[in-house]
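# Topology and contacts: notes
Here is how the chains run, residue by residue.
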Amino acid sequence: MIRNLIYAIVFLTCCIACQSLDKAEKPKIIIDEDRMVDILSDIAFIKAAKSSNRKTFVEDSINPEAFILRKYDIDSIVFAENNTWYTSDMERYKALFERVKTKLEKERTKFEALKKEEDSIKKIEDSIQKSLDTLKIEDELINTKDLLIEDEIEMAKKKRVTPTPDLENK
């Protein structure tokens, strides 16, 4: 009984192991590797944007998949056929994704540089605004001091022009 079970397991294992995997049919319209890298990179960008800004996508009724298909002037069937065809050759697909990864890393580096520059500009703008605010306050203080000085001058003039009662009697 156990021997028969072992034979059955070995037989099924051989059948499954010997089964050939058919490669996907070559699509009628082939998307070249460079364009496929661009499409897959854009898909990664869109997925990242969608996961961080889901509300915006829902509120503005943005369909990211349709956007990408329109951008590259392909339909979903062409993309699906090409994606299946590329995945049937795992080495090629792995190389394709390495290129996508490299492209995404370059874009991330560019983004980080732009973010640093933007932060630097923001700090400078904040510093300028703070300086302007300080100058405005100082200018207001100077104007207030000028008004006080003018008031004192006016009062001094009035004192000179108006005779004091003590001097008239003498």
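Above this text you will find the structure in question.
Here we summarise the structure given alongside this text. Everything quoted here is computed from the prediction, not taken from an experiment. (Residues numbered from 1 in each chain as written. Predicted model: local features only at pLDDT ≥ 70, side-chain atom pairs only at ≥ 80, totals over all residues. Heavy atoms only, no water.)

The next thing to look at is the overall build of the protein. The helix and strand tally for the protein stands at seven helices and zero strands. The buried share of the protein, reckoned over its 170 residues, is 13%. Residue pairs in contact within the protein that sit at least 24 positions apart in sequence constitute 74% of those at least 6 positions apart. As presented, the protein carries roughly 14,700 Å² of accessible surface, and 59% of it is formed by carbon and sulfur atoms. (Helix = DSSP H or I, 4+ residues; strand = E, 2+ residues; numbered from the N terminus. Buried < 20%, exposed > 50% of the residue type's maximum accessible area, 1.4 Å probe, protein only. Contact = heavy atoms within 4.5 Å. Areas by Shrake-Rupley, 256 points an atom, 1.4 Å probe, with all protein chains shown as cover.)

Of the residues flanking the start of helix 4 (residues 64-71), the one acting as N-cap is N63, its side-chain oxygen 3.3 Å from the backbone nitrogen of E65. Two residues or fewer after helix 4 comes D73, characterised by a positive phi angle close to 50°. (Polar contact = N/O pair within 3.5 Å; in protein donor to acceptor, adjacent residues only side chain to side chain.)

Our next topic: helix 2 (residues 33-52). Given a rise of 1.5 Å per residue, 20 residues ought to cover 28 Å, and the 29 Å separating the end C-alpha atoms of helix 2 matches this to within 8%. Looking at where helix 2 begins, the residue whose side-chain oxygen comes 3.2 Å from the main-chain nitrogen of D34 is D32. (Expected span 1.5 Å × (residues − 1).)

Where nonpolar side chains cluster on the molecular surface, the patch consists of I124, I128, L132 and L135 and spans about 380 Å² of accessible area. By the secondary structure assignment, L132 is in helix 6 (residues 90-161). (Patch = residues over 30% accessible without salt bridge, like charges linked within 9 Å, V, L, I, M, F, W, Y side chains within 5 Å. Salt bridge = Lys/Arg side-chain N within 4 Å of Asp/Glu carboxyl O.)

Moving on: the pattern of salt bridges. In this structure the tally under the stated criterion is ten salt bridges. Between K71 and D42 there is a salt bridge, with its nearest N and O atoms 2.7 Å apart. With K71 in helix 4 and D42 in helix 2, this residue pair connects regions lying 29 residues apart in the sequence. Between E107 and K110 there is a salt bridge; the shortest N-O distance is 3.4 Å. Of this pair, E107 and K110 both sit in helix 6, three residues apart, which is roughly one turn of that helix. The class for E107 is partly exposed, based on a relative accessible area of 28%. Each of the salt bridges in this network shares a partner with another, and the network as a whole consists of E33, D34, R92 and R99.

Let us now look at the packing of helix 2 against helix 5 (residues 76-87). Taken N-terminus to C-terminus, the directions of helix 2 and helix 5 make an angle of 105°; their axes are 12 Å apart at the nearest point. As the angle between them shows, helix 2 and helix 5 are arranged roughly perpendicular. Mapping the contact onto sequence places E33, M36, I39, L40 and I43 in helix 2 and F79, N82, N83 and Y86 in helix 5. The residue makeup of the contact of helix 2 with helix 5, split by class, is six nonpolar, two polar and one charged. (Axes fitted to C-alpha atoms, helices over the stretch in contact; angles between N-to-C directions. Parallel < 35°, antiparallel > 145°, perpendicular 65-115°, else oblique. Nonpolar A, V, L, I, M, F, W, Y, C, P; charged D, E, K, R; others polar.)

Locating I46 in the fold gives a position in helix 2. Residues I46 and N63, spaced 17 residues apart in sequence, show a C-alpha to C-alpha distance of 9.9 Å. Once residues lying within four places of it in the same chain are set aside, the contact partners of I46 are F57, P64, F67 and I68.

Once that is clear, we can look at the environment of L69. Residue position: L69 is located in helix 4. Measuring from C-alpha to C-alpha, the distance between L69 and F79 comes to 8.3 Å, with ten residues separating the pair along the chain. The residues touching L69, leaving out its near neighbours within four places in the chain, are I74, D75, S76 and F79.

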